[in-house]
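Reading the structure
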Amino acid sequence: EKGNYRHFMQKEIFEQPTVVAQTLGSYLRQADNSVALPQFDFDISTIRRVTIVACGTSYYAGLVAKYWFEQFARVPVDIDVASEFRYREPVLEDGGLALFISQSGETADTLAALRHCKEAGQTIAVVVNVPTSSMAREADLLLPTHAGPEIGVASTKAFTCQLAVLAALAAHMAVKKGLMNREEESEVVAHLLEAPASLNAALDHDEDIAAMAHLIAPARDVLYLGRGPDYPLALEGALKLKEISYIHAEGYAAGEMKHGPIALIDDQVPVVVLAPSGPLFEKTVSNMEEVRARGGQVVLISDAEGLAEAGEGCIATIEMPKVHPLIAPLVYAIPVQLLAYHVACVKGTDVDQPRNLAKSVTVE
Ligand code: M6R
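Residues numbered from 1 in each chain as written. Predicted model: local features only at pLDDT ≥ 70, side-chain atom pairs only at ≥ 80, totals over all residues. Heavy atoms only, no water.

A word on the site of the ligand
In the vicinity of the ligand, 14 residues are found, and the nearest of them are Ser58, Ser102, Gln103, Thr107 and Glu243. Here Thr57 contributes a backbone N or O atom positioned 3.1 Å from an oxygen atom of the ligand. Contact distances for the ligand include 2.9 Å between an oxygen atom and a backbone N or O atom of Ser155. Coverage of the ligand by the protein chains reaches 91% of its 410 Å² of free accessible surface. Here the ligand occupies the largest pocket. (Near = heavy atom within 4 Å. Polar contact = N/O pair within 3.5 Å; in protein donor to acceptor, adjacent residues only side chain to side chain. Areas by Shrake-Rupley, 256 points an atom, 1.4 Å probe, with all protein chains shown as cover. 1 Å grid on protein atoms, 1.4 Å probe; cavity = no way out; pocket = protein on both sides within 12 Å on 5 of 7 lines; lining within 4 Å. Sits in = over half its atoms within 2 Å of the grid points.)

In structure tokens form, the structure reads like this:
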């Protein structure tokens, strides 16, 4: 079933342009560049707060979505990992939408959090990849991702498909609240529809990433930095590397470095910086310079323009296509997935079945 691929994870990384296109196709209408969600029987324009709950990579998709809900729909968003959410006393007021994100739809903590929110009278929305799962059955609003079966324990294609659905949902809410006019909606949809081609362009750099993986493989620790909607991608990159290559990695908001983690920097610590050109580029680059001034070994991921401006002096650069900031989190998922994948291959670890991990965590 792996076809020409060495691992399921590799196959699933390369499926992303196709499955993201499929997923977008079921939430966007290309004919008039509009958002088209499945029918549901509550008025989304009256939602006063969105509470997002998930685990692992699905949680990082939720972190990206928080930026979009706030930016487009101007709705307050609370987000937590399911194992924390359940054991605090979250304030769930009437008129709230509780949004659960899960590949499997069976993650025990997320499912328990869903049931808790249901009892508390929240409207339940679920972004899930397995349409027959427990979470899918218990949703008021079921938003499937069309990633197809994901076999690799490290989640890849489910993540980018989750982002595709979440962007459509945030835009839909904005339209219904009267905060996004037809022209703006059509622009947002057009940008989203550019994602599959940009994912393909990102995958074209697979060999460059494979060729530099040996620079990361010997490291004991690796830091990932990003800003804004790309900050969760730094967290995701670090999680992927930890899971399959067993190298300790942390993701940080680029601006948070100087509040502590910069003390870790020396010439043994590779620092992967995610910096698409755009409104946050200069700020992220100045954080990168702070790292470099302390001997940090920077791997810069940016587009040609960004690399021309800031790539000099990095130990390696990874070029991405130039994309609209809205789809950057989808596109920048590719290099962090591929980097983790190739580092794991250099180290010879079991990529699809990493030690101590299960595909679906059905214990609390
Ligand atoms: O099936 P779910 O999306 O609910 O799973 C959540 C996490 O267990 C999952 O994302 C996990 O972190 C992956 N191994 C990440 O690659």
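Observations regarding the pattern of salt bridges
Scanning all chains against the criterion turns up 17 salt bridges. As a salt-bridge pair, Glu236 and Lys240 come within 2.6 Å of each other at their nearest N and O atoms. Highlighted residues: Glu236 and Lys240, both in helix H11 (residues 231-245), separated by four residues, approximately one helical turn. Ionic pairing is found between Glu305 and Lys322, a salt bridge with its closest N-O pair at 3.8 Å. With Glu305 in helix H13 (residues 304-310) and Lys322 in the loop between strand E12 (316-320) and helix H14 (328-331), this pair connects stretches of sequence that are 17 residues apart. Overall, Glu305 belongs to the partly exposed group, its relative accessible area being 48%. Exposure remark for Lys322: the relative accessible area of 54% places this residue in the exposed category. Taken together, the salt bridges that share partners define one network made up of Lys11, Glu15 and Lys157. (Salt bridge = Lys/Arg side-chain N within 4 Å of Asp/Glu carboxyl O. Helix = DSSP H or I, 4+ residues; strand = E, 2+ residues; numbered from the N terminus. Buried < 20%, exposed > 50% of the residue type's maximum accessible area, 1.4 Å probe, protein only.)

Overview of the layout of surface pockets
Any empty space left between the atoms is revealed when a probe the size of a water molecule rolls over them. Taken as a whole, the largest pocket encloses approximately 590 Å³ of empty space. Forming the walls of the largest pocket are 29 residues, and the residues nearest its centre are Cys55, Gly56, Thr57, Lys359 and Val361. Secondary structure elements with two or more residues in the lining of the largest pocket: helix H3 (56-73), strand E5 (96-102), helix H5 (108-119) and H11. Counting residues per element, the lining of the largest pocket draws most heavily on H3, which supplies five residues. Split by residue class, the lining of the largest pocket holds 14 nonpolar, 11 polar and four charged. Of the pockets and cavities examined, the second largest pocket occupies roughly 350 Å³. Lining the second largest pocket are 23 residues; nearest its centre among them are Pro229, Pro279, Leu280, Pro325 and Leu326. No other element matches H3, which puts five residues into the lining of the second largest pocket. Grouping the amino acids of the lining of the second largest pocket by side-chain chemistry returns 15 nonpolar, five polar and three charged. (Points joined across faces, edges and corners; volume = space filled by probe spheres on them. Nonpolar A, V, L, I, M, F, W, Y, C, P; charged D, E, K, R; others polar.)

Digging into the nonpolar core
Trp68, Phe69, Leu99 and Tyr224 are the most contacted members of the largest nonpolar core, which totals 101 residues. Broken down by element, the residue count for this core peaks at 13 residues, all from helix H7 (residues 157-176). Each residue touching Phe69, except ones within four places of it in the same chain, is listed here: Ile52, Arg74, Val75, Val77, Leu99, Leu169, Ala170 and Met173. With 19 residues, the next largest nonpolar core counts Leu223, Val291, Ala310 and Cys314 among its residues. (Core = buried A, V, L, I, M, F, W, Y, C linked by side-chain atoms within 4.5 Å. Contact = heavy atoms within 4.5 Å.)

Observations concerning the sheet that holds strand E7 (residues 141-144)
Pairing between the strands of a sheet comes from backbone hydrogen bonds, and it takes one of two forms, parallel or antiparallel. In space, the five strands of this open sheet follow the order E4-E3-E5-E6-E7, with parallel pairing throughout. Of all strands in the sheet, those bounded by a partner on one side alone are strand E4 (77-81) and E7. Direction aside, the axes of adjacent strands within the sheet are offset by 15° on average. Here six bridges tie strand E3 (residues 49-54) to E5, and the two strands are oriented parallel to one another. (Pairing = 2+ DSSP bridges. Axes fitted to C-alpha atoms, helices over the stretch in contact; angles between N-to-C directions.)

A short note on the packing of aromatic side chains
Under the counting rule described, the total for this entry stands at three aromatic pairs. Here the aromatic rings of Phe40 and Phe42 are separated by 4.6 Å at their centres, their planes lie at 40°, and the arrangement is tilted. For the residue pair Phe40 and Phe42, the accessibility class agrees, reading buried in each case. Positioned above the aromatic ring of Tyr246, the side-chain terminus of Arg355 is 3.8 Å from the ring centre. (Phe/Tyr/Trp six-rings, centres within 6.5 Å; stacked < 30°, edge-to-face > 60°. Lys NZ or Arg CZ within 6 Å of the ring centre and 35° of its normal.)

The values reported here are purely geometric and, on their own, carry no functional implication.
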